[in-house]
Each structure stands twice: as C-alpha cells, then as structure tokens.
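As a plain string of letters, each chain reads:
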Amino acid sequence: MRFARLGPAGSERPAVVADDGTYLDLSGLTGDIDGAFLASDGPQRARAALDSLPRLEVPAGTRLGPPIARPGKIVCIGLNYARHAAESGAQPPAEPVVFMKASDTVVGPDDDVLIPRASVKTDYEVELAVVIGTTARYLDGPDDAAAHIAGFAVSNDVSEREFQLERGGQWDKGKNCETFNPLGPWLVTPDELDVPALRLRSWVNGELRQNELAADMIFGVPHLIWYLSQFMVLHPGDVVNTGTPAGVAMGLPGQPYLRAGDVVELEIEGLGRQRQHFA
C-alpha cells in the first residue's frame, strides 16, 4: 500500500494511493497517518477497508505533505555508501555513524527548501527513509528488524557543509536548519518493495548527480534497525534516514553547492519523486 497526506501544512488529509493513481480518503478511519495510526495496526485496517474507502477529489496543484505526521525523532546514518565516504575523505566506518535531525525539519516532498542565512555550502542528499511501525528495543539481531518496519519513503537529508564540518562540535548544526528534510511523496509498505534493488537518484537543474542501488549500503536496513535498537528505543512513526550515495556537491569538482533558484529532484524507484525549489 501507498499512503499519502494531502493539503496545506498542518491540515493534511490522510489518503491511500489507489492503483490508478487516484486517492482514497482515510479520514473516516484515522485522523492522520502518524505513530498512533501505525501502532494500532492502521495499515492492516486500511487494507481491510480498501474497497469501501471513498475517492478523494484532489484539485490540480494540491500540495502533498510528508507521508508521516510529526515523527518523534529522525535518526540519520552518515557515510553509509563506500563511494560517498571516499568523496568525503573518510574511510568506510566500522560501525554506523549516527546523528539526529529534529522532526520540525520535515516538509513535503515538493515544498520549497530555504537556504540558511550566511550559507555558502548547502547540499542535497537523496536517501532511503525507513518509518518505524512498532516499538523496537534491544532487538536480538537483524532478522528481527522487518517486524518493526511500517514502510519506506524518499528523504532529502539537506545539509549545510560549513555548519556541519567547519564550525566545531557535532554535525547537528549543519543538519537541522528549517525545511532541511523533505519527505515523501508516499509511505510505501514493505510488501511492495525489493529494498536492495531500489535505485536512488538525484538531479540538480536537470543534471543527474547521484545514481546508486540501496544494495550498495555498507550497513543494510535490517542491520541499521537492529543496531539502533541497542542504543535507543525506536517508536512507531520514527524515521531513519539510511545514508546517501556518492555525487553530493561536496564531493564533485568545483563543489557546486546549491544557490537560490536551483531545482533539486530526487527519486527512488517504487517510492516516487520529489522536486524542490531552493529559495
């Protein structure tokens, strides 16, 4: 199943994406697609009610919101593709590199992204996002991870590299600026996907910049969910950004960082496409 949220920020309406691309109204079943919905077997209840859900009239130009509302936390993995680690001047890590983003960085997949004041090194990162469906703590091993995953989405882990790497301290200063985590368009349940075969791509002003498979991750999704559960409780609705492939501006000749007016597009096969203007 593919879940979506439609409408103005703060007033999104929950929906299921039908096979023909139209939307089915979930508001009779739940007030939103959030942690409470996932924790109460919401996807299963939506599947059971699918044939009775009314169609939504969606006028042209209707905004798509992030497909999960108010994530409790966003846990991010750095340097999780060997070629990206190399372009960053780092060795592949022996254990996952973990940092956090605040939930208020999340915006819709096609919302504008705001370049921070004084920024000269704003960068893009297409990533596979995992949405947690049931509480995960101290999992016994990677094989236990699948039971705790509600689905997957496209994420743009926007980063300001000077803030992140040149201003001292941890990475968080370069990761938590306003609008720095476009998410969506859909939350797609695991039964629809062959995760290692998913191809991640990004374009800047029409130029292909990133193009790798999820199978190229150093630490795959099951390992990451198991690993994180040893250090923190993962709750329904939490998001895990699993790292970005090579091809970010920081690693390219001339370091073509983003400027106002640039357009970034991101796509993961089976999970949909994003398009953001940088302002």
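Residues numbered from 1 in each chain as written. Predicted model: local features only at pLDDT ≥ 70, side-chain atom pairs only at ≥ 80, totals over all residues. Heavy atoms only, no water.

Asker: Explanation requested: the overall build of the chain in the structure shown.
Answerer: Within the chain, the secondary structure is distributed over five helices and 18 strands. Relative to the compact-globule value of 19 Å for 279 residues, the chain shows a C-alpha radius of gyration of 18 Å, a close match. Principal-axis analysis of the C-alpha atoms gives the chain an extent of 55 × 45 × 30 Å. Put simply, the chain has 279 residues, and 56% of those count as buried. In the chain, of all internal contacts separated by at least 6 residues, the share reaching a separation of at least 24 is 76%. Just so you have it, the chain exposes about 11600 Å², and 51% of that area is on carbon and sulfur atoms. Between the mean site of the 24 positive side-chain charges and the mean site of the 38 negative ones, the chain shows a separation of 4 Å. (Helix = DSSP H or I, 4+ residues; strand = E, 2+ residues; numbered from the N terminus. Rg over C-alpha atoms; globule rule 2.2 N^0.38 Å. Buried < 20%, exposed > 50% of the residue type's maximum accessible area, 1.4 Å probe, protein only. Contact = heavy atoms within 4.5 Å. Areas by Shrake-Rupley, 256 points an atom, 1.4 Å probe, with all protein chains shown as cover. Lys, Arg positive; Asp, Glu negative; His and termini not counted. Charge placed at Lys NZ, Arg CZ, Asp CG, Glu CD.)

Asker: Explain the sheet that holds strand β18 (residues 272-277) here, please?
Answerer: The strands that make up a sheet are held in pairs by hydrogen bonds between backbone atoms, and each pair lies either parallel or antiparallel. Taken together, four strands build an open sheet; the order of strands is β15-β14-β17-β18 and the sheet is antiparallel. At either margin of the open sheet sits one strand with a lone partner, and together these are β15 (207-213) and β18. Neighbour-to-neighbour, the strand axes of the sheet open up by a mean angle of 10 degrees, direction not taken into account. Judged from the six bridges that link them, strand β17 (residues 263-268) and β18 form a sheet pairing that is antiparallel. Within β18, the position partnered with V263 by the bridge is H277. (Pairing = 2+ DSSP bridges. Axes fitted to C-alpha atoms, helices over the stretch in contact; angles between N-to-C directions.)

Asker: Please explain the environment of A49 as it appears in this structure.
Answerer: Residue placement: A49 occurs in the loop between α2 (42-48) and β4 (64-65). Through-space distance from the C-alpha of A49 to that of L26 is 9.3 Å; in sequence the pair is 23 residues apart.

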